[in-house]
Each structure stands twice: as structure tokens, then as C-alpha cells.
Amino acid sequence: MYSLKPIRSQEDYKASLKEIERLFEAPQGTPEFDRLEILVTLVEAYENKHEPIVMPDPIEAILYYLESQGLTQQHLEAVIGSHDRAMEILNRKAPLTLEIIRQLNQKLGISAQVLIQPYALAY
């Protein structure tokens, strides 16, 4: 049986993932479910320390969001306010403003944390 312990290596990490997979269907309120929760917490801590997630480029995030939601550029234009402004932003000719970030967050649900990341403009 897998013994609970801190994850200190890739080997420990892989063993923990295998144990999580084994326990994945454990019913809530059981000792197995408690083990699962502890393991998930340990794995998350290890991943955050050794494999931090890099925030995506804001423009790439907008494009990905539109595509993944089946939205068109016209949807973006409606949020931003004009075709020309949307094209300037997508072509990196103009930066995202605070107001546009707010609108993208509120109307499309794109994370403001992602949108405020610095990115290169193409002047």
C-alpha cells in the first residue's frame, strides 16, 4: 500500500498520481476519500513548486477563448466597441486598456489576471 509522505522527487510524484488514480472513485466520507484529498493537496503543492503554470499571453488568451467558445471576431468587436479597435488590439497595434479588460472579463468571462499580463506590441 502507498504510504503518505511529502513528494520530494519525480518518482514520488508519479507514485502519488498513480495512487490518486486508484482512489479517484472513492466515496465521500470514507478513509479512502480522505487519502485522496490529502494526496491531491500534496500533488498540487509539488506542481506549484516544480511546474508553475505560466500565464498565457493576453492576446493569445483572447483568441483561444473566442475559438473555444465558438465566438467570432464580431463578438469581440461588440465587447470592445468597434471593428477598428478590435483589429488594432488583435494585431498588437494598441494595448488593452483597463476599461477593455473590464469588459472582456465581465462580458466574456476572460480572467482579468490573464489580461493584465504584459505583452509585446508590434509598433
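Everything that follows concerns the structure shown earlier in this document.
Report follows, based on the coordinates. Since we're looking at a predicted model, the values are computed, not measured.

1. Examining the side chain of E19
In step 1: With respect to the element layout, E19 can be found in helix α1 (residues 10-23).
In step 2: If sequence neighbours within four positions are ignored, E19 has contacts with Y2, R35 and L39.

2. Looking at helix α4 (residues 73-80)
In step 1: Looking at α4, one finds that the buried residues are L76, E77, V79 and I80. Buried residues of α4, seen end-on, are gathered within an arc of 160° and therefore sit on one face of the element. Turned more than 90 degrees off the buried face of α4, the exposed positions are Q74 and A78.
In step 2: Contact partners of the buried residues in α4: α3 (58-68), α5 (83-90) and α6 (98-108).
In step 3: Just downstream of α4, G81 is the residue with a positive phi angle, here 115°.

What counts, and at which threshold
- Residues numbered from 1 in each chain as written.
- Predicted model: local features only at pLDDT ≥ 70, side-chain atom pairs only at ≥ 80, totals over all residues.
- Heavy atoms only, no water.
- Helix = DSSP H or I, 4+ residues; strand = E, 2+ residues; numbered from the N terminus.
- Contact = heavy atoms within 4.5 Å.
- Buried < 20%, exposed > 50% of the residue type's maximum accessible area, 1.4 Å probe, protein only.
- Arc of directions from axis to C-beta.

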